[in-house]
Number of protein chains: 2
Amino acid sequence: MNGAQSLIRTLVDSGVDVCFANPGTSEMHFVAALDSVPEMRGVLALFEGVVTGAADGYGRMADKPAATLLHLGPGMVNGMANLHNARRARTPIVNVIGDHALTHKGFDAPLESDVDALNGWTHGWSRTSTDTAAVGKDAAEAVAAARAGQIANLVLPADVSWGDGGEPAGEVAPAAPATVDDARITGIAGVLGGSTVILLGKGATRERGLRAASRIAAATGTKVFAETFPARIERGAGLPAVDRLGYLAEQVQWQLTGVTNLVLVGAKAPVSFFAYPGKASELTPEGCAVHTLAEFGEDVADALDRLADAVAADTEPVLQAESRPALPTGDLTPQNWADVIGALLPEGAIISDEANTSGLLIPAATAGAPRHDVLTLTGGAIGQGLPVAVGAAIACPDRPVVCLQSDGSAMYTISALWTMARENLDVTTVLLNNRAYAILRVELTRVGAEGAGPKANSLLDLSTPDMDFVAIAQGMGVPATRARTAEELAEQFQRALAEPGPHLIEAMVPSLV
Amino acid sequence: MNGAQSLIRTLVDSGVDVCFANPGTSEMHFVAALDSVPEMRGVLALFEGVVTGAADGYGRMADKPAATLLHLGPGMVNGMANLHNARRARTPIVNVIGDHALTHKGFDAPLESDVDALNGWTHGWSRTSTDTAAVGKDAAEAVAAARAGQIANLVLPADVSWGDGGEPAGEVAPAAPATVDDARITGIAGVLGGSTVILLGKGATRERGLRAASRIAAATGTKVFAETFPARIERGAGLPAVDRLGYLAEQVQWQLTGVTNLVLVGAKAPVSFFAYPGKASELTPEGCAVHTLAEFGEDVADALDRLADAVAADTEPVLQAESRPALPTGDLTPQNWADVIGALLPEGAIISDEANTSGLLIPAATAGAPRHDVLTLTGGAIGQGLPVAVGAAIACPDRPVVCLQSDGSAMYTISALWTMARENLDVTTVLLNNRAYAILRVELTRVGAEGAGPKANSLLDLSTPDMDFVAIAQGMGVPATRARTAEELAEQFQRALAEPGPHLIEAMVPSLV
């Protein structure tokens, strides 16, 4: 058994049985070894940003890591923007980064680069396997590290991969989350009330955490928000509803007005997404005390349950009633397209949300839709939506995936459409074509940039030439249609949901700005 | 004047007047400042790999740097694969990397990342501007550093960009290349002859170097090769012809059989692109002495001229006669498509060559075509061809650009087509669709990977689903047609060349393997 075979066998035995891949020559033994381990599924993507974004979507929905296969440093850098998002999401991922043979590293061959520098940038766990016999053990430890909610980079030199003497290793138990002590629960219980906000972050925006937080809110009057960009939030009819903190600093300051105690649960104290001249970066109100109920890596849901039991023993959570917008009519607008989605969102949907400015009204329009999950742009590195939809669909083949995708962001990783077609994934992409980097039009004003004229505005414009996303999608094998009215969008959305496999609907929604 | 305005003014005054950009919020003051400096041209791309690849193509053809504008660490990583190629090409580039405001850096906002780690990976020159008054000086030094043939990364925090007190700086003279001393010339002159090879690298594959090398070869019997992947090689009728070293180690070993002296001119001693079990990485024959006439950074062309004057004072270079293949007929093949290009390549063309396996026969078919330049995949990070074509077309608006692009590689940076349409660039892309990562089929065999079966082969296959590059190109605003026969390709190629603006021809060329 060679190193690659022992690696794949170990991954499978550790519960990792999907590998998103964009291989090159140095990974050929890994590719060949896929046939020796039938349980491992290889999923080809045409660009590494799709590979890593798919692994992110998969990990968020499967609650376990996928593997990726990346080609040396240059392949890895192509995947790093979506690894940045995955790091912010605390998604477990095991990256297998093929590298030159150890015997070849010193010759500065054309593709040689400093992979260690890249490992540092992605944070998390990293190791270079230097011994074929240890590859299995390295892989098992990588999986355990990833399961703690981080990116694990396993660098696999080609000669370690092709060498004989590979030994599969058994699963390594991941570190259990630490239990929060009673004193912390009691202390936080003492600050709850009408001028306190609980901020739910990683591990706290799933059903268990939401129910506990809702009980606490109902019993004590404490307000509850979710962080601005949750990795995964469960919502809809039958679950407690929770608002997210806004994207703009002004929104957050308004949401936190008068708050004297802020309780963090798997979240960080809110900061502005960007800096603006003369405006604050920290958004916690002055004089507000900040408390931590549980950090990521601690047992967040358990801490919320215990806090709820302490202050709301007899209180039930407040659940969202089913309530959908009426199906709208007329030319598409930023409001009515959201209402179409809210009116028709199917039970159990997974929304990959990179609608950006076009999606401003989606949370309200879908609040009372049947229960669903939403995966958001955790790290701000655009080009996440389509790949995350790929991964979510592979993690949950029985659930409909709805990708709400803005035009500008789509173009960073557009080849994800091809993988959707190749794998026949049940993803309905609603591509919001507003012909602009609309968010930057907002920001250009907000940063107070003076003197902006035609050249500046041209760099925010996507209408010269207009993109035809129907043609682009069809060119990658995804059936596609265009909607200009709410009626067309509703009809096309229903049809896409009813048919298996991927579809794209280009929705011509005018820019908000 | 703010920092951004002083930066752009300094760039222009230092001769840098094109900026390839994919901006975000932290770059809004830079974007706004474009309107205050009319001489600076901003060129929008939809993905940072297009931005940096275009800067590479521009620098290779303009012999001076373009600027880029990249959005924080995640934007920078998206551009780094093509910066890797640019580093190998020794292309001058000035990257302006917008970063969070200095006052905002400590808050670990969602897009925060370690830009210094990325600076290390790209090598070259790097600096973070921390003082608005010094931005101009920093920029002038960045341009000077880039002009020495490297990547210069200038990190511009948002508050340094928007701060008042910017001071444009005058041009800083770049370091002049060192002159090679006479002793080295004399020493090399003593080893020339029939068992010696001169290997031409950076700075030596332009007309001046080629003419000198040809004179030396004619007078002494020395063989001359160009390195495998030149950044820019001038060739065609009226110039000395020179073969490139092969891509496969076996080819190089054959080319260097019996060679006892290897003379490097702006090149490194050849190493295998990848390692293979049981095969050598170093390709210089055993016992062959390696000499360096001039390194990159020394005056390579001057050294060649002086060596030619020393050994070939009365010898003229041997020039390639005009000679084109006949226009072929029949279904497209790996041979006949190359003959179509050779038969019809226009005078003064710039070829951006990422045809990979499909392009194996292009060098022979175009050897006697009218004089042209070829830009090759210097660093092996695929996704270079289309962006480099963008940059070359902007550097040389009066010359036809021909992009020979394989299908798999095209998909990494496919949105370059949109920038071609937006800027109405005279680029004719011949997209070789062989429906496979054909190079990896070759390599899977060469690395001796055993046990490869359907799963492995599936990861090298691009036919499920087939991509329709005509639709994809049209969706991005580029007129496109499909050719299945040599006659169709010839007709479409001639028509595309005759019309202004970009065109794409999808050539259905079967895979070599």
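None of the values given here were measured: they were computed from a predicted structure. (Residues numbered from 1 in each chain as written. Chains lettered and ligands numbered in written order. Predicted model: local features only at pLDDT ≥ 70, side-chain atom pairs only at ≥ 80, totals over all residues. Heavy atoms only, no water.)

1. Some words on the overall build of chain A
Now for step 1: The secondary structure content of chain A amounts to 20 helices and 18 strands.
Now for step 2: The C-alpha atoms of chain A give 23 Å as radius of gyration, which agrees with the globular expectation for 513 residues (24 Å, within 12%).
Now for step 3: Referenced to the eigenvectors of the C-alpha coordinate spread, the extents of chain A come out at roughly 65 × 60 × 50 Å.
Now for step 4: Counting across all 513 residues of chain A, residues that qualify as buried make up 64%.
Now for step 5: Within chain A, contacts between residues separated by at least 24 positions form 81% of all contacts whose residues are at least 6 apart in sequence.
Now for step 6: Element-wise, carbon and sulfur atoms account for 51% of the exposed surface of chain A, whose accessible area totals about 15800 Å².
Now for step 7: Positive and negative side-chain charges in chain A, numbering 35 and 58 respectively, have mean positions lying 4 Å apart. (Helix = DSSP H or I, 4+ residues; strand = E, 2+ residues; numbered from the N terminus. Rg over C-alpha atoms; globule rule 2.2 N^0.38 Å. Buried < 20%, exposed > 50% of the residue type's maximum accessible area, 1.4 Å probe, protein only. Contact = heavy atoms within 4.5 Å. Areas by Shrake-Rupley, 256 points an atom, 1.4 Å probe, with all protein chains shown as cover. Lys, Arg positive; Asp, Glu negative; His and termini not counted. Charge placed at Lys NZ, Arg CZ, Asp CG, Glu CD.)

2. Structural notes on the UniProt feature "domain: Thiamine pyrophosphate enzyme TPP-binding" (unreviewed entry) in chain A
Now for step 1: UniProt feature "domain: Thiamine pyrophosphate enzyme TPP-binding" (unreviewed entry): in the numbering of this structure it lies at residues 370-506 of chain A.
Now for step 2: Each end of residues 370-506 of chain A is marked by a C-alpha atom, and these two atoms are 24 Å apart; helix forms 41% of the span and strand 18%. (UniProt positions renumbered as here; feature names shortened; annotations may be inferred.)

3. Points about the pattern of salt bridges
Residues and elements named next belong to chain A.
Now for step 1: Within this structure, the stated rule accounts for 74 salt bridges over all chains.
Now for step 2: Among the salt bridges present, the one from D63 reaches R232, with a minimum N-O distance of 3.8 Å. With D63 in the loop between helix 3 (48-62) and strand 3 (66-71) and R232 in the loop between strand 8 (223-226) and strand 9 (233-235), the pair connects residues that are 169 residues apart, well separated along the chain.
Now for step 3: In this structure, R324 engages E322 in a salt bridge whose closest nitrogen and oxygen atoms are separated by 3.8 Å.
Now for step 4: Judged by relative accessible area, R324 falls into the partly exposed class, the value being 32%.
Now for step 5: By relative accessible area, which is 56% here, E322 ends up exposed.
Now for step 6: Linked by salt bridges that have partners in common, D63, R206, E207, R211, R232, E234, R371, D373 and R399 make up one network. (Salt bridge = Lys/Arg side-chain N within 4 Å of Asp/Glu carboxyl O.)

4. Observations concerning the UniProt feature "domain: Thiamine pyrophosphate enzyme N-terminal TPP-binding" (unreviewed entry) in chain A
Now for step 1: Cross-referencing UniProt, the feature "domain: Thiamine pyrophosphate enzyme N-terminal TPP-binding" (unreviewed entry) maps to residues 1-106 of chain A in the present numbering.
Now for step 2: The span residues 1-106 of chain A carries 47% helix and 20% strand; its end-to-end C-alpha distance comes to 27 Å.

5. Remarks on the interface of chain A and chain B
Now for step 1: Between chain A and chain B, the contact holds 99 residues from the first and 99 residues from the second.
Now for step 2: Here chain A meets chain B over a buried area of about 8100 Å², counting both sides, of which 66% is carbon and sulfur.
Now for step 3: In terms of surface lost to chain B, no three residues of chain A exceed W121, K455 and L459 of chain A, which account for 9% of the buried area on that side.
Now for step 4: Our count for the chain A to chain B interface comes out at six salt bridges.
Now for step 5: We note a salt bridge from D108 of chain A to R88 of chain B, for which the minimum N-O separation is 2.9 Å.
Now for step 6: In this structure, the connection of chain A to chain B is made through 50 residue pairs in polar contact (both at pLDDT 80 or more).
Now for step 7: Among the elements of the structure, helix 2 (28-33), strand 2 (41-44), helix 4 (72-89), helix 5 (115-122), helix 16 (416-422), helix 17 (438-446), helix 18 (454-458) and helix 19 (469-475) of chain A are those that each provide at least two residues to the side of chain A that touches chain B.
Now for step 8: In terms of residue count, the dominant contributor to the side of chain A that touches chain B is helix 4 of chain A (10 residues).
Now for step 9: Tallied by class, the residues present in the side of chain A that touches chain B amount to 56 nonpolar, 27 polar and 16 charged. (Buried area = accessible area lost by both parts, 1.4 Å probe. Polar contact = N/O pair within 3.5 Å; in protein donor to acceptor, adjacent residues only side chain to side chain. Nonpolar A, V, L, I, M, F, W, Y, C, P; charged D, E, K, R; others polar.)

6. Considering the environment of R324 of chain A
Residues and elements named next belong to chain A.
Now for step 1: Position of R324 among the secondary structure elements: in the loop between helix 11 (300-311) and helix 12 (336-344).
Now for step 2: Separated by 159 residues in the primary sequence, R324 and A483 place their C-alpha atoms 21 Å from one another.
Now for step 3: Discounting residues that sit within four places of it in the chain, R324 has contacts with G342, A343, L344, L345, G368, A369 and P370.
Now for step 4: In this structure the side chain of R324 is engaged in a polar contact, spanning 2.9 Å, whose partner is the backbone oxygen of G342.
Now for step 5: A polar contact of 2.8 Å, which involves the side chain of R324, links it to the backbone oxygen of A343.

7. Considering the domain arrangement of chain A
All names here are of chain A.
Now for step 1: On domain assignment, one finds that chain A holds domain 1 (3-162), domain 2 (182-311) and domain 3 (336-507).
Now for step 2: Distance between the C-alpha centres of domain 2 and domain 3: 28 Å.
Now for step 3: Here domain 2 packs against domain 3, burying approximately 1800 Å² in sum over the two surfaces, 46% of which is carbon and sulfur.
Now for step 4: Sorting the residues of domain 2 by area buried against domain 3 places F229, R235 and Y276 first, and these three jointly supply 32% of that buried surface.
Now for step 5: Connecting domain 2 to domain 3 are four salt bridges.
Now for step 6: A salt bridge links R371 to E234, with the nearest nitrogen and oxygen atoms 3.7 Å apart. (Domains from an automatic or database assignment.)

8. Considering the nonpolar core
Now for step 1: The biggest cluster of nonpolar side chains holds 214 residues, and the ones touching the most others in it are F20, F30 and I414 of chain A together with F20, F30 and I414 of chain B.
Now for step 2: For F30 of chain A, the contacting residues outside a window of four places in its chain are A4, L7, I8, C19, L69, V96, L156 and S161 of chain A. (Core = buried A, V, L, I, M, F, W, Y, C linked by side-chain atoms within 4.5 Å.)

9. Remarks on the relation of the copies chain A and chain B
Two chain copies, one operation linking them: a rotation about an axis together with a shift along it.
Now for step 1: For these two chains of identical sequence, chain A goes onto chain B by a turn of 180 degrees and a shift of 0.0 Å along the axis, with RMSD 0.0 Å. One copy is carried onto the other by what is essentially a two-fold rotation axis. Ranked by how close their C-alpha atoms come to the rotation axis, the residues of chain A are headed by I472 of chain A, at 2.2 Å.
Now for step 2: Mapped onto chain B, 100% of the interface residues of chain A again fall at the interface, so both copies present the same surface. (Least-squares fit on C-alpha atoms with pLDDT ≥ 70 in both.)

10. A look at the confidence of the model for chain A
Any segment with low pLDDT has predicted coordinates that should not be analysed in fine detail.
Now for step 1: Of the residues in chain A, 100% have a pLDDT of 70 or more, and the chain-wide mean is 97.
Now for step 2: Scored as a complex, the prediction yields pTM 0.98 and ipTM 0.98. (pLDDT = per-residue confidence, 0-100.)

11. Overview of the environment of I188 of chain A
Residues and elements named next belong to chain A.
Now for step 1: By the secondary structure assignment, I188 is in helix 8 (residues 182-189).
Now for step 2: Distance in space between the C-alpha atoms of I188 and L293 is 6.8 Å, their sequence separation being 105 residues.
Now for step 3: Not counting residues within four places of it along the chain, the set of residues in contact with I188 comprises V263, H291, T292, L293 and L307.

12. What about the packing of helix 8 of chain A against helix 11 of chain A?
All names here are of chain A.
Now for step 1: Contact geometry for helix 8 and helix 11: axes closest at 10 Å, N-to-C directions at 55 degrees. Between helix 8 and helix 11, the crossing angle belongs to the class labelled oblique. The handedness of the crossing between helix 8 and helix 11 comes out as right-handed. Facing helix 8, whose interface residues are D182, I185, I188 and A189, helix 11 presents A303, R306, L307 and V311.
Now for step 2: In terms of residue class, the contact of helix 8 with helix 11 is built from six nonpolar, no polar and two charged. (Axes fitted to C-alpha atoms, helices over the stretch in contact; angles between N-to-C directions. Parallel < 35°, antiparallel > 145°, perpendicular 65-115°, else oblique. Left-handed = near helix turned anticlockwise from the far one by under 90°.)

13. With respect to the sheet that holds strand 2 of chain A
Backbone hydrogen bonds are what pair the strands of a sheet, in a parallel or an antiparallel way.
Residues and elements named next belong to chain A.
Now for step 1: An order of 2-1-3-4-6-5 is seen for the six strands of this open sheet, with the pairing classed as parallel. At either margin of the open sheet sits one strand with a lone partner, and together these are strand 2 and strand 5 (125-128). Adjacent strand axes in the sheet meet at a mean angle of 20 degrees when their direction is disregarded.
Now for step 2: The pairing of strand 5 with strand 6 (residues 151-157) spans four bridges and is classified as parallel. In the strand pairing of strand 6, W125 is matched with A152.
Now for step 3: Across the sheet, helix 4 is in contact with strand 3, strand 4 (93-99) and strand 6; its angle to strand 3 comes to roughly 145 degrees. (Pairing = 2+ DSSP bridges.)

14. Focus: the sheet that holds strand 17 (residues 480-483) of chain B
Residue and element names in this part refer to chain B.
Now for step 1: If you walk across this open sheet you meet the seven strands as 9-14-13-15-16-18-17, and the pairing is mixed. In the strand order of this sheet, the two ends are held by strand 9 (233-235) and strand 17, each with one partner. Pairs of neighbouring strands in the sheet enclose a mean axial angle of 20 degrees, with direction left out of account.
Now for step 2: Here four bridges tie strand 17 to strand 18 (residues 503-507), and the two strands are oriented parallel to one another. The residue bridging R482 from the neighbouring strand is E506, located in strand 18.
Now for step 3: Against the sheet, helix 14 (residues 385-395) contacts strand 13 (350-354), strand 14 (372-375), strand 15 (401-406) and strand 16 (427-432), and its axis sits at roughly 175 degrees relative to strand 15.

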